[in-house]
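Now for the letters of each chain:
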Amino acid sequence: MAEDRLVCRECHRVVEPNVETCPSCGSSSLTEDWAGYVYIAHPENSQIADEMEVDEEGAYALKVR
Ligand SMILES: [Zn+2]
């Protein structure tokens, strides 16, 4: 599904494989070692978003190692 994508270690945002810095927070700390793809469409109404401290719509990883 999303196995080739990278995830930002700082904000858990899922980014495209050819990206070198996170478009959300600007971090270059990206990893392939992640699990649990989740798409948050309405962060203001999402309990997951609240727990992950996410306030922007997008794709995120539940676990980043
Ligand atoms: Zn980030």
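Details of the structure are given in the entry above.
Thresholds, definitions, all that
Residues numbered from 1 in each chain as written. Predicted model: local features only at pLDDT ≥ 70, side-chain atom pairs only at ≥ 80, totals over all residues. Core = buried A, V, L, I, M, F, W, Y, C linked by C-beta atoms within 7 Å. Buried ≥ 20, exposed ≤ 12 C-beta atoms within 10 Å, placed from the backbone. Helix = DSSP H or I, 4+ residues; strand = E, 2+ residues; numbered from the N terminus. Contact = placed C-beta atoms within 7 Å. Pairing = 2+ DSSP bridges.

Points about the nonpolar core
Nonpolar side chains tend to gather and get buried jointly when the protein is soluble and globular.
Point 1. L6, V7, C8, C11, V14, C22, L30, W34, Y60 and A61 form the largest nonpolar core, which has 10 residues in total.
Point 2. Of all the secondary structure elements, the ones that give two or more residues to this core are β1 (6-8) and β5 (58-64).
Point 3. Among the elements that take part in this core, β1 stands out by supplying three residues, more than any other.
Point 4. Contact partners of V7, with chain neighbours within four places excluded, come to H12, R13, V14, L30, T31, W34, A61 and V64.

Here we look at the environment of W34
Point 1. Turning to its location among the elements, W34 is positioned in strand β4 (residues 34-40).
Point 2. Residue W34 is classed as buried on the basis of its 22 C-beta neighbours within 10 Å.
Point 3. Apart from the residues within four sequence positions on either side, W34 is in contact with V7, A61, K63, V64 and R65.

Points about the sheet that holds strand β3 (residues 30-31)
Point 1. With antiparallel pairing, the three strands of this open sheet are ordered in space as β2-β1-β3. What marks the edges here is a single partner per strand, and that holds for β2 (14-15) and β3.
Point 2. Of the pairings in the sheet, the one linking β1 to β2 comprises two bridges and is antiparallel in character. Looking across to β2, one finds that L6 is bridged to V15.

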